[in-house]
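Analysis of the macromolecular model
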Amino acid sequence: MILSLAILYVLLAVLLSVTTAGSLVLLLIHLLDHHAPKEPVIPAEWPCVTVQLPVYNEQYVVERLLDAVAALDYPVDKLVIQLLDDSTDATSRLAARKVAQLRADGLAVQHIRRADRTGFKAGALQEGMARSLTPYYAIFDADFVPPPDFLRVTLSHLLADDTHGMVQGRWGHLNAQDSPLTAAQALAIDGHFVIEQASRSKGGLLLNFNGTGGVWRADCIHDAGGWRDTTLTEDFDLSYRAQLRGWHMRTLPDLVVPGELPTHLLAFKQQQFRWAKGSTQCLLQTIRPLWRSQHTTLPQSIMGTLHLCQYMPYPLILMLALLAPPLLLAGVFAELPLAFMLFSGIVPPLVYAVSQQAIYSDGWRRMIAFPALVVFGTGIAINNTVALLSALVGSPGEFQRTPKSGTANHATYTASVDATTLLEVCGAVYIGWGAWLAVQHAPHAAPYLALSAFSYATTALWSLWESWQTYRANQRPPVSSTKLN
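Description of the structure in this document.

Calculation criteria
- Residues numbered from 1 in each chain as written.
- Predicted model: local features only at pLDDT ≥ 70, side-chain atom pairs only at ≥ 80, totals over all residues.
- Heavy atoms only, no water.
- Helix = DSSP H or I, 4+ residues; strand = E, 2+ residues; numbered from the N terminus.
- Rg over C-alpha atoms; globule rule 2.2 N^0.38 Å.
- Buried < 20%, exposed > 50% of the residue type's maximum accessible area, 1.4 Å probe, protein only.
- Contact = heavy atoms within 4.5 Å.
- Pairing = 2+ DSSP bridges.
- Right-handed = clockwise from strand over helix to strand, strands pointing away.
- Axes fitted to C-alpha atoms, helices over the stretch in contact; angles between N-to-C directions.
- Salt bridge = Lys/Arg side-chain N within 4 Å of Asp/Glu carboxyl O.
- Disulfide = S-S within 2.5 Å.
- Core = buried A, V, L, I, M, F, W, Y, C linked by side-chain atoms within 4.5 Å.
- Lys, Arg positive; Asp, Glu negative; His and termini not counted.
- 1 Å grid on protein atoms, 1.4 Å probe; cavity = no way out; pocket = protein on both sides within 12 Å on 5 of 7 lines; lining within 4 Å.
- Points joined across faces, edges and corners; volume = space filled by probe spheres on them.
- Nonpolar A, V, L, I, M, F, W, Y, C, P; charged D, E, K, R; others polar.
- Patch = residues over 30% accessible without salt bridge, like charges linked within 9 Å, V, L, I, M, F, W, Y side chains within 5 Å.
- Areas by Shrake-Rupley, 256 points an atom, 1.4 Å probe, with all protein chains shown as cover.

Quick look at the overall build of the protein chain
Counting its secondary structure elements, the protein chain contains 17 helices and 7 strands. In summary, the protein chain has a C-alpha radius of gyration of 23 Å against a globular reference of 23 Å for 485 residues, a match within 12%. Its C-alpha atoms give the protein chain principal-axis dimensions of about 75 × 75 × 45 Å. The buried share of the protein chain, taken over its 485 residues, is 55%. Taking the intrachain contacts of the protein chain between residues at least 6 apart in sequence as the baseline, contacts between residues at least 24 apart amount to 83%.

Put into structure tokens, the structure is as follows:
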């Protein structure tokens, strides 16, 4: 039995290093590939484009979004703005007032309300396409603020190559310095866009639309079969279906589209749950077509597989930690090779460090957020593993939006604590016991296990504290507007 656990431990460590190897390849492409892309095309006449804004209960940010889109530097007669509003709260009332104002200013703004949320975001985008037949569609989530030149920059690159079905910018951050949580998220997102997505783009590898801050060619969407709600990550799904039809995608790391990072850990966990589950759903339905496609090369298929498996490290990390105590008790942990795990731990910091140096003058200073990223990244392993398992068993799930607060930190506007928090408490206790065993039997493993236990404990306690704060805020009576005499 112990021998079987030891073999399983080694296999898991090897698999973890394999998933990390994909990031190393992308880092090398970033450092070595200086191939100049095609020059953008500035047309004599700009094409018509529809800007789609899917929103659901976004009362704190919807007006900011509409103001930003209204400020886009693009010919008014070539621009259609669609507010795809599935809201059930005050968002619709606030949006209607802002839409009326923009219409009075001469903008073509459609405020589209559906009877229900059929298809969630994918259904809303598909509905919008049926109501505005333009050759291009730009998409922005409610928490993003596109720069004025966004359409001109992206469309000039799409016009330069008619095989490109989508061009997107890089996510910026409106609130990166609000807390250790937001700073950690910013560090991870920068590494994703500056190194991973940009290198996939430069290296001709398969990449995904990140759901916002991009422009799609209508012919590409139609050819790929349109938006579908078969996964919780409709952007990932459509991107791969399009590329398996021969279309190309591109990321522009110098085009920054600022967005709001989740300020609450519960909201962050909810976002990660949706991304992990949706990505795994895409893996299940895409892996076979990927390897059978006539439009992909072997390197594209290999790197595409690693891309589709991007959330697999979380269950691997969790299982490695769970296996440690019995192996320590059996006295065989010290003999297990740790080189694979060391390799897996070295590559991500390099990706983050290089990305910070590439885009910020004070890049090294920003790496101060790396310890927080390690803690939160490890702490959500249980949350993301549950999401992955949910996808594997075929649970469809509902598209849970990520709460946004705008410029204020609304304590009543966050996600709710769930069963994963209890699992995090249990994980912290169990792996903490493993760390104590390691001190006695394999001291070299104690720091790793102690960090894991600390990460699960931090995530659980932070989640419980946020839930308590939300409960207290919701118990307060509403403030009366009546003046006291």
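Description of the pairing of strand β3 (residues 108-113)
Summarising the sheet, strand β2 (residues 79-85) and β3 pair through 6 bridges and their orientation is parallel. Pairing of Val-80 across the sheet is with Ala-108, part of β3. For the segment spanning β2, helix α3 (residues 91-104) and β3, crossover handedness is right-handed.

A closer look at unusual backbone geometry
The phi torsion at Asn-57 lies on the positive side, around 55 degrees, for a residue other than glycine. If you trace the backbone, Asn-57 turns up in the loop between β1 (49-55) and α2 (62-70). You can call Asn-57 buried: its relative accessible area is 11%. Unlike most non-glycine residues, Phe-120 shows phi in positive territory, near 55 degrees. Its place among the elements puts Phe-120 in helix α4 (residues 120-131).

With respect to the sheet that holds strand β7 (residues 248-259)
Working definition: the strands of a sheet are paired by backbone hydrogen bonds and lie parallel or antiparallel to each other. Judged by pairing direction, the sheet is mixed, and its 7 strands sit side by side in the order β3-β2-β1-β4-β6-β5-β7 without closing on themselves. Two strands close off the open sheet at either side, each with one partner strand: β3 and β7. Adjacent strand axes in the sheet meet at a mean angle of 20 degrees, parallel and antiparallel pairs treated alike. Relative to β2, β1 runs parallel, the two being bridged by 7 bridges. Following the sheet pairing, Val-49 is matched in β2 by Leu-79. The strands that α4 touches are β1, β2, β3 and β4 (136-139); relative to β2, the one it contacts most, it runs at about 145 degrees. The strands that helix α6 (residues 180-202) touches are β5 (164-173) and β7; relative to β5, the one it contacts most, it runs at about 155 degrees.

Describing the pattern of salt bridges
In total, this model carries 15 salt bridges according to the counting rule given. Among the ionic pairs, Glu-234 bridges to Lys-121, the shortest N-O distance being 3.9 Å. Of the two residues, Glu-234 sits in helix α8 (residues 234-243) while Lys-121 sits in helix α4, which places them 113 residues apart along the sequence. Glu-234 sits in the buried class, given a relative accessible area of 4%.

Comments concerning the pairing of β1
Counting buried residues in β1 gives 7 out of 7 residues, a clear majority hidden from the surface. Side chains Val-49, Val-51, Leu-53 and Val-55 of β1 all project onto a buried face; the interleaved residues Thr-50, Gln-52 and Pro-54 project onto the opposite face, where all are buried too. Note on the crossover from β1 through α2 to β2: the handedness is right-handed. The sheet contact formed by β1 and β4 spans 4 bridges and is parallel. The partner of Val-49 across the bridge, within β4, is Tyr-136.

Here we look at the state of the cysteines
A complete count under the given rule lists 0 disulfides for this structure. Here Cys-220 stays unpaired: no disulfide links it, and the sulfur of Cys-282, its closest cysteine neighbor, is 15 Å away.

A few points about the nonpolar core
Judged by nonpolar contacts, the single largest core of 52 residues is most densely connected at Tyr-9, Leu-320, Leu-327, Leu-328, Phe-333, Leu-449 and Tyr-456. Non-local contacts of Tyr-456, meaning those with residues more than four positions away in its chain, are made with Leu-318, Thr-378, Gly-379, Ala-381, Ile-382, Glu-424, Gly-427, Ala-428 and Ile-431.

Notes on the side chain of Asp-190
Topologically, Asp-190 is positioned in helix α6. Comment: no salt bridge for buried Asp-190; closest opposite-charge side chain is Arg-170, at 4.2 Å. Leaving out residues up to four positions away in the same chain, Asp-190 has contacts with Arg-170, Trp-171, His-173, Ile-195, Ser-355, Gln-356, Ile-359 and Tyr-360.

Thoughts on the layout of surface pockets
Approximately 860 Å³ is the volume attributed to the second largest pocket. As for the second largest pocket, its lining consists of 35 residues, and the residues nearest its centre are Pro-37, Ser-201, Lys-202, Arg-250 and Thr-251. For the lining of the second largest pocket, the elements supplying multiple residues, two or more each, are α5 (150-160), β5, α6, β7 and α12 (339-359). Tallying contributions element by element places β7 first for the lining of the second largest pocket, with 8 residues. Looking at the lining of the second largest pocket, its residues break down into 16 nonpolar, 12 polar and 7 charged.

Re the environment of Phe-399
Looking at the element boundaries, Phe-399 is found in the loop between α15 (381-392) and α16 (419-441). Along the chain, Phe-399 and Ala-6 lie 393 residues apart, while their C-alpha atoms are 39 Å from each other. With residues up to four places along the chain from it excluded, the contact list for Phe-399 reads Arg-117, Phe-120, Lys-121, Leu-232, Glu-234 and Arg-274.

What about a nonpolar patch on the surface?
On the surface, Val-417, Leu-422, Val-425, Val-429, Leu-461 and Leu-464 cluster together to form a nonpolar patch covering roughly 530 Å² of accessible area. Put simply, the parts of the chain that give the nonpolar patch at least two residues each are α16 and α17 (446-475). Tallying contributions element by element places α16 first for the nonpolar patch, with 3 residues. Position of Val-417 relative to the elements: it lies in the loop between α15 and α16. Here Val-417 falls in the partly exposed class, since its relative accessible area comes to 32%.

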